[in-house]
Amino acid sequence: MTLSKYVTCFFIFLFLCFYSSISASEEKGEITPDLPLSPQTKTCIACHNNFTPGIVQDWLTSRHSKVTPAEAFEKSPLEKRFSAESLPKESAHYRVGCYECHSLNADTHKDSFEHLGRRIHVVVTPEDCKTCHPEEVKQFSGSKKANAYKILMDNPVYRSLVNTVTGLRVMKDRKITAEIPSESTLRETCLGCHGTKVEANNLKTVTTKIGDIQVPDLTNWPNQGVGRINPDGSRGACTACHPRHGFLIEVARKPYTCGQCHHEPDVPAWDVYEESKHGNLYSSEGHTWNFTNVPWQAGKDFRSPTCAVCHNSLLVSPTGDVIAERSHDFGSRLWVRLFGLIYSTPQTKSGDTTIIRNKDGLPLPVTFTGEPASGYLIDKVEQEKRLAAFSKICNNCHSTQWIQGHFAKLDKTIEETNAMVLTTTRLMLDAWDHKLADNTNPFDESLEMMWIRQWLFYTNSIRYASAMTGAPDYTTFQNGWWSLNENLRQMKDWMDFKKDKMDKEEKEKEKD
Amino acid sequence: MTLSKYVTCFFIFLFLCFYSSISASEEKGEITPDLPLSPQTKTCIACHNNFTPGIVQDWLTSRHSKVTPAEAFEKSPLEKRFSAESLPKESAHYRVGCYECHSLNADTHKDSFEHLGRRIHVVVTPEDCKTCHPEEVKQFSGSKKANAYKILMDNPVYRSLVNTVTGLRVMKDRKITAEIPSESTLRETCLGCHGTKVEANNLKTVTTKIGDIQVPDLTNWPNQGVGRINPDGSRGACTACHPRHGFLIEVARKPYTCGQCHHEPDVPAWDVYEESKHGNLYSSEGHTWNFTNVPWQAGKDFRSPTCAVCHNSLLVSPTGDVIAERSHDFGSRLWVRLFGLIYSTPQTKSGDTTIIRNKDGLPLPVTFTGEPASGYLIDKVEQEKRLAAFSKICNNCHSTQWIQGHFAKLDKTIEETNAMVLTTTRLMLDAWDHKLADNTNPFDESLEMMWIRQWLFYTNSIRYASAMTGAPDYTTFQNGWWSLNENLRQMKDWMDFKKDKMDKEEKEKEKD
Amino acid sequence: MTLSKYVTCFFIFLFLCFYSSISASEEKGEITPDLPLSPQTKTCIACHNNFTPGIVQDWLTSRHSKVTPAEAFEKSPLEKRFSAESLPKESAHYRVGCYECHSLNADTHKDSFEHLGRRIHVVVTPEDCKTCHPEEVKQFSGSKKANAYKILMDNPVYRSLVNTVTGLRVMKDRKITAEIPSESTLRETCLGCHGTKVEANNLKTVTTKIGDIQVPDLTNWPNQGVGRINPDGSRGACTACHPRHGFLIEVARKPYTCGQCHHEPDVPAWDVYEESKHGNLYSSEGHTWNFTNVPWQAGKDFRSPTCAVCHNSLLVSPTGDVIAERSHDFGSRLWVRLFGLIYSTPQTKSGDTTIIRNKDGLPLPVTFTGEPASGYLIDKVEQEKRLAAFSKICNNCHSTQWIQGHFAKLDKTIEETNAMVLTTTRLMLDAWDHKLADNTNPFDESLEMMWIRQWLFYTNSIRYASAMTGAPDYTTFQNGWWSLNENLRQMKDWMDFKKDKMDKEEKEKEKD
């Protein structure tokens with residue numbers, strides 16, 4: 001072997017070492033001085049790499065740590081994840097580090113504070129993300145998700161349900177009384193998903209590893225609920241689905257993220273998906289799929305849908321044609337609302353459902369006897385338009401006849417489950433009429449809770465399973481028709497026993 | 001560096017490019033003209049690559065797209081997945097594409113139709129698969145799975161249960177009446193797993209991306225239930241476990257496939273497996289195992305069983321000895337039927353359980369008081385033969401004493417859970433005797449549904465958990481002994497309250 | 001190209017072949033004669049490679065099969081998994097094979113027996129593992145886990161609960177009587193997790209593939225419950241979490257292992273984790289993490305905790321500083337016991353909770369009305385010390401304010417759920433006072449089982465979900481506040497109906 005070959009080998013070796021050291025330097029959090037980071041971010045990292053090193057490591061897996069806005073801007077339209085029309089002035093040529101997000105819009109951030117010489121805020125909000133992702137924020141802002149806090153807490157009917165379900169019960173003098181739920185309990189029950197109201201109060205002192213520091217005193221914090229009210233007055237937490245500080249699209253595209261909130265018994269989307277054929281294929285083959293490509297190629301990057309495929313991702317066919325545009329308004333592709341409150345209806349026109357008034361004057365999309373508040377719901381034409389667009393996604397792998405057969409079945413299921421709720425509601429109304437139950441609060445007695453089970457757990461379960469090709473247990477024995485019918489029968493029995501008891505009490509009175 | 005080295009490098013580079021382009025051409029769906037596909041399949045793909053590209057992509061992951069029958073035929077006996085004794089004449093040297101399956105046996109296919117110049121059918125059936133896989137179809141045809149539609153819908157007792165569980169309830173004049181379940185609901189409840197009856201009616205027009213086309217109007221479609229009745233008169237859907245159009249053995253061997261139907265609360269095989277030590281090892285280490293090798297090497301390809309290992313795969317030891325033959329009759333390795341209807345019994349002799357008549361004349365494997373219809377069940381000798389053969393699988397990783405201790409425990413559990421069902425049934429009979437419930441329909445009253453819970457949910461749960469080494473929650477609190485005893489106590493209470501009510505009504509009458 | 005280059009290429013090729021064959025030879029179970037195995041182990045393997053080949057294959061994946069004690073001894077302190085101060089004399093330079101474990105401490109092993117010329121035992125125990133891992137065994141021995149059999153079976157209150165929950169019911173003369181649960185049922189219910197008492201009786205003959213052999217007749221075997229009583233008198237089964245014979249740290253660090261026992265409805269740690277943000281990140285990204293590195297680097301090896309991270313693993317920061325020491329006393333990092341018996345309390349001082357006596361003289365950490373047996377529980381100072389140490393783990397990825405906000409919420413949740421149990425208990429006491437239920441056995445009536453649900457299922461579920469950042473369904477509708485309040489209401493109804501019935505019976509008596 002000649003010397004030259006050794007030299008060649010040596011250079012190849014050197015290059016490999018160098019190459020691996022480049023990637024290693026980022027992976028290992030040994031951020032080298034030549035990385036294009038802003039001076040502010042460099043100082044953040046210098047400290048936080050010691051004090052909260054996991055945050056830095058997590059960020060190093062993010063796209064934010066690898067691409068500058070200027071580079072993102074140059075991507076082709078379909079590959080582009082940066083949707084602003086112009087670059088942020090100050091940070092265009094820096095990778096998106098700590099300071100780039102945590103310093104934005106200081107004026108509107110009531111949680112903005114002086115932190116070791118820099119003015120920053122804790123709670124990064126959609127208003128901040130908007131700097132580079134205005135399209136996504138715009139779509140999201142009109143969605144029910146962005147309004148998730150409001151539509152639950154500012155609707156007196158739902159608020160009453162929330163209070164009844166989660167309020168502590170106390171026993172005094174042999175009587176049980178219900179208390180209003182604490183903020184703490186709301187934060188980890190309903191508002192765990194819907195989001196809390198985070199307000200910034202005065203500064204408080206926190207003792208940390210580097211000593212005492214001053215931070216704004218945040219209410220109901222931490223919380224990453226999707227409809228969070230933020231200290232800058234904005235609504236929403238992008239981090240509900242894009243968890244800090246990796247913000248990996250892979251996480252948002254996998255079903256576990258959605259499953260955190262869309263979980264049995266009330267919204268069993270995750271449970272149904274897991275048991276369905278689509279979920280089976282994901283679980284069995286998903287490890288060979290690509291969850292990071294943008295745009296996402298149906299049939300190549302994935303061979304069965306996850307939640308994101310049907311509900312919001314930008315999809316292209318293997319030949320590059322757009323199948324569906326990206327949307328962060330998660331109801332916008334849907335023509336029907338499966339989630340029965342208390343019946344399934346067409347999707348609402350507005351993401352803010354507190355504006356609805358049904359014929360009974362209640363802020364609900366239907367009356368108790370099932371009449372829809374049609375003025376607030378999308379019409380037949382819009383429904384059909386959305387169904388046609390949605391079907392294009394299915395059409396990637398299924399014939400037109402298949403898709404039509406599938407959705408015709410769903411229509412019938414909605415009709416039948418609505419009929420079943422009506423039967424139960426009539427029984428409930430009968431009980432209220434005959435004073436077997438008291439409708440002052442329609443949610444707090446045993447019989448009423450059995451009625452709630454019908455529309456909040458069982459018909460929802462059946463509809464989700466019907467919509468998602470499979471999961472026959474969720475239509476049958478696992479919160480399905482079995483439960484609907486068993487529970488209805490038990491309601492009847494309860495009413496019979498109660499009536500018997502009341503009759504007796506009546507007679508006792510007569511005797512006296 | 002001499003020129004020759006550059007040349008060498010260049011050729012290596014070229015080869016790598018070429019090599020990657022070969023695999024890429026298939027993976028990317030750029031089916032090259034030189035692939036050995038039939039002319040018919042080539043025309044299918046030419047269109048469907050645009051109109052349902054996901055199907056083509058999916059097929060490109062299949063073995064069908066990579067091997068011709070002639071090549072498959074040459075494999076060694078243990079590696080062979082092609083079980084016919086001779087090659088299909090027309091397609092022996094073509095890879096198995098669209099037309100090779102969708103054109104078979106046109107004469108018997110009532111769903112055969114003219115599609116853009118070719119005669120094809122939509123529903124590929126076991127009769128079609130039999131062309132290359134006759135052994136598998138033969139085994140399957142004798143199984144309870146192939147008879148899954150029949151044994152549910154043609155058994156009047158079970159049919160009555162189905163109707164009671166899934167039928168809509170309607171309220172008229174303050175009375176609740178039960179309706180017969182719709183075909184649509186049956187399709188997504190019981191028949192979601194058991195399979196529907198798919199019949200081909202006249203052609204109908206469907207508007208697709210290429211305009212209006214004529215297709216046969218199929219009833220109860222789509223459906224991939226394992227016992228589906230097909231338009232060619234055959235029973236079964238291979239696609240229940242080998243989903244189209246990848247047909248990956250990896251999918252069938254992973255537990256998610258079985259879990260689609262074998263799911264809590266009635267058949268909690270999946271749930272129990274997931275919580276068991278075997279399931280834990282699969283979840284923790286499974287990513288390093290090989291799910292595609294044929295034959296499947298115990299200890300090398302996998303280190304803990306999935307469902308397929310124990311129930312149907314061809315297994316060999318690390319030294320290549322056959323541990324268990326492949327079987328597509330999924331009950332054939334089993335000596336006992338855990339699934340209590342209404343007691344656990346030995347496996348049935350025939351996969352068609354509608355032929356059974358017990359001492360009470362009912363088509364059930366036991367009487368209500370537990371006496372088995374022994375003539376229809378395998379005998380002690382056959383049971384022991386099967387247990388011995390099954391134990392060989394366990395013996396791969398467990399000592400003989402271990403296995404015996406395990407199955408002795410299972411025997412005791414079957415005995416005790418059967419005793420528990422007997423206790424409950426006696427209580428039920430007592431209620432019927434004393435008119436606390438009405439046995440005209442033994443499945444529709446609250447008390448009867450509580451009785452069903454005992455044998456359909458709770459004892460099943462305990463038995464599956466006992467059989468599958470672990471999952472102690474499924475024997476205890478999650479539908480286990482806790483539920484059995486709590487539910488029994490509630491039955492007793494219900495009967496007491498009911499009796500009290502009836503006594504009172506009796507007295508009222510006397511007074512009048 | 002000159003000849004020399006071909007030669008170079010050829011040697012590179014040869015080296016690669018050779019290298020792969022080395023690893024292959026072990027992976028394929030072709031154990032080569034030059035492996036440093038003891039002569040005894042070699043003879044074990046010679047047979048067992050044919051008779052239980054999966055065990056050998058499994059062992060070949062273990063660290064035991066790859067490293068000798070002498071090599072393990074040389075590791076740096078943080079990398080070291082061998083904790084003895086000196087090497088085992090006989091086996092220091094052999095890899096840890098069959099004989100090295102199965103022959104230890106023959107004198108104390110009542111299950112020691114002559115097996116084809118060697119004295120071995122079946123049940124390897126913590127006393128055996130202690131030879132190389134004394135630190136781990138010491139920590140474990142003081143834990144509640146090691147005492148899991150004792151604290152359940154030797155505490156008369158819990159023993160009564162066990163018997164009531166799992167005992168068979170028999171009906172005679174229209175009366176239902178409860179039987180004591182069989183050993184077999186206990187083995188697969190409570191003792192499936194808590195561990196059985198395994199005793200070695202006389203030898204018995206077992207017919208195996210090699211003919212009849214003599215083995216000790218072991219009671220309640222097989223069982224791998226974590227608190228198993230072993231034939232050598234020791235407590236515990238390391239194999240509960242380190243399953244034989246791979247003993248992979250990867251398995252112990254993944255959440256499925258813990259999930260086998262910590263599963264809903266009573267200890268829903270696994271279910272809550274799966275639905276939480278931490279669990280979501282594990283499920284979504286975990287495939288890219290490193291589960292085998294010792295020490296385990298937070299932020300590098302993993303980016304979200306599994307159970308082991310918070311509860312017992314040795315953790316270092318990306319810069320190599322120790323964040324938490326390894327512990328096999330799984331309660332030692334915890335300041336509070338979420339698992340309500342019947343209220344949540346500070347952690348117990350001793351792992352043996354049978355020594356506790358509360359003010360009512362019962363071996364429970366609280367009285368029925370919630371007064372803690374403080375003398376047996378860690379004090380405020382210790383609680384705060386543990387919280388501070390635990391917070392260091394969170395601090396890796398979360399700010400101090402975040403952590404404080406999180407644990408303040410948990411404190412409030414413990415307070416509220418305890419209050420809810422108190423309300424229910426008062427109702428229960430009222431029922432006992434008024435003879436609506438009979439407290440001779442406080443666990444066996446319908447009303448009592450409803451009371452148990454409150455503290456064993458529902459408040460536990462809420463507390464676990466509160467502690468583990470997320471899983472809002474487990475605080476709300478899935479065994480959460482919904483269930484607490486619905487169940488409480490049903491208890492009240494039951495008491496009303498029962499009182500009504502008793503009043504009537506009273507009057508009947510008066511009449512007579």
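As shown above, the structure is provided for reference.
Residues numbered from 1 in each chain as written. Chains lettered and ligands numbered in written order. Predicted model: local features only at pLDDT ≥ 70, side-chain atom pairs only at ≥ 80, totals over all residues. Heavy atoms only, no water.

**As for the sheet that holds strand E8 (residues 315–316) of chain A**
Residues and elements named next belong to chain A. With respect to topology, three strands assemble into an open sheet ordered E7-E8-E9, the strand pairing being mixed. Because the sheet does not close on itself, it has two edges, and the strands there are strand E7 (296–297) and strand E9 (322–324). Note: E8 against E9, two bridges, orientation antiparallel. Opposite leucine 315, over in E9, you have alanine 324 as the bridge partner. (Pairing = 2+ DSSP bridges. Helix = DSSP H or I, 4+ residues; strand = E, 2+ residues; numbered from the N terminus.)

**With respect to the state of the cysteines**
Under the criterion given, the structure shown has three disulfides over all chains. What pairs with cysteine 193 of chain B in a disulfide is cysteine 261 of chain B, and their sulfur atoms sit 2.2 Å apart. Torsion about the S-S bond of the cysteine 193 of chain B and cysteine 261 of chain B cystine: about -105°, corresponding to left-handed handedness. Within this pair, whereas cysteine 193 of chain B is found in helix H11 (residues 190–194), its partner cysteine 261 of chain B is found in the loop between helix H13 (255–259) and helix H14 (269–275), the two being separated by 68 residues in sequence. A relative accessible area of 15% places cysteine 193 of chain B in the buried class. A disulfide-free cysteine, cysteine 190 of chain A has its sulfur positioned 8.9 Å from the sulfur of cysteine 193 of chain A, the nearest such atom. By relative accessible area, which is 12% here, cysteine 190 of chain A ends up buried. (Disulfide = S-S within 2.5 Å. Buried < 20%, exposed > 50% of the residue type's maximum accessible area, 1.4 Å probe, protein only.)

**Describing the packing of aromatic side chains**
All told, the structure shown has 71 aromatic pairs over all chains when counted by the stated rule. On the numbers, 5.5 Å between centres and 75° between planes, the contact of tryptophan 451 of chain A with tryptophan 455 of chain A is edge-to-face. Residue tryptophan 451 of chain A and its partner tryptophan 455 of chain A are both found in helix H19 (residues 446–467); the two are separated by four residues, about one turn of the helix. Exposure remark for tryptophan 451 of chain A: the relative accessible area of 0% places this residue in the buried category. Every member of this aromatic cluster is reached through a ring pair, and the members are Tyr256, Trp270, Tyr273, Tyr282, Trp289, Phe291, Trp296 and Phe302 of chain A. Lying across the ring of phenylalanine 73 of chain C, lysine 80 of chain C places its NZ or CZ 4.3 Å from the centre. Directly above the ring of phenylalanine 291 of chain C sits lysine 254 of chain C, whose terminal nitrogen or CZ lies 5.0 Å from the centroid. (Phe/Tyr/Trp six-rings, centres within 6.5 Å; stacked < 30°, edge-to-face > 60°. Lys NZ or Arg CZ within 6 Å of the ring centre and 35° of its normal.)

**So, the relation of the copies chain A and chain C**
For the match of chain A to chain C, the screw axis carries a shift of 0.0 Å, the RMSD comes to 0.0 Å, and the turn is 120°. Read as a symmetry element, the transformation amounts to a three-fold axis. For chain A, the residue whose C-alpha comes nearest the rotation axis is phenylalanine 497 of chain A, separated from it by 4.4 Å. Taken together, the interface assignments show that only 4% of the residues at the interface of chain A recur at the interface of chain C, consistent with different surfaces on the two copies. (Least-squares fit on C-alpha atoms with pLDDT ≥ 70 in both. Contact = heavy atoms within 4.5 Å.)

**Some details on the sheet that holds strand E8 (residues 315–316) of chain C**
Ordered in space as E7-E8-E9 (chain C), the three strands form an open sheet in which the pairing is mixed. Here the strands that pair on one side only, and so sit at the sheet edges, are strand E7 (296–297) and strand E9 (322–324) of chain C.

**Thoughts on the relation of the copies chain C and chain B**
It takes a turn of 120° to lay chain C on chain B, together with a shift of 0.0 Å along the axis; the resulting RMSD is 0.0 Å. The residues that chain C uses at the interface reappear at the interface of chain B in only 5% of cases, marking distinct surfaces.

**Details of the interface of chain A and chain C**
Of the residues lining the interface, 79 residues belong to chain A; the matching set on chain C comes to 62 residues. Here chain A packs against chain C, burying approximately 6100 Å² in sum over the two surfaces, 57% of which is carbon and sulfur. A per-residue breakdown of the area chain A buries against chain C is headed by Met171, Glu188 and Gln260 of chain A, which together make up 12% of the total. Across the pair lysine 504 of chain A and aspartate 500 of chain C runs a salt bridge whose closest N-O atoms are separated by 2.5 Å. On the surface where chain A and chain C come into contact, there are 24 residue pairs in polar contact (both at pLDDT 80 or more). Broken down by element, the residue count for the side of chain A that touches chain C peaks at seven residues, all from helix H21 (residues 481–511) of chain A. When grouped by side-chain class, the residues that make up the side of chain A that touches chain C number 33 nonpolar, 22 polar and 24 charged. (Buried area = accessible area lost by both parts, 1.4 Å probe. Salt bridge = Lys/Arg side-chain N within 4 Å of Asp/Glu carboxyl O. Polar contact = N/O pair within 3.5 Å; in protein donor to acceptor, adjacent residues only side chain to side chain. Nonpolar A, V, L, I, M, F, W, Y, C, P; charged D, E, K, R; others polar.)

**Considering the environment of asparagine 487 of chain B**
All names here are of chain B. Along the polypeptide, asparagine 487 turns up in helix H21 (residues 481–511). Residue class for asparagine 487 comes out buried when judged on its relative accessible area of 4%. Not counting the four nearest positions on each side in its chain, asparagine 487 is found in contact with Met450, Arg453, Gln454 and Tyr458.

**Focus: the pairing of strand E3 (residues 169–172) of chain B**
All names here are of chain B. Across four bridges, E3 lies against strand E4 (residues 175–178) in antiparallel orientation. Across the sheet, arginine 169 pairs through a bridge with alanine 178, a residue of E4. In this antiparallel pair of consecutive strands, E3 and E4, the connection spans two residues, and aspartate 173 shows a positive phi of 50°.

That's the geometry; what it means functionally is another story.
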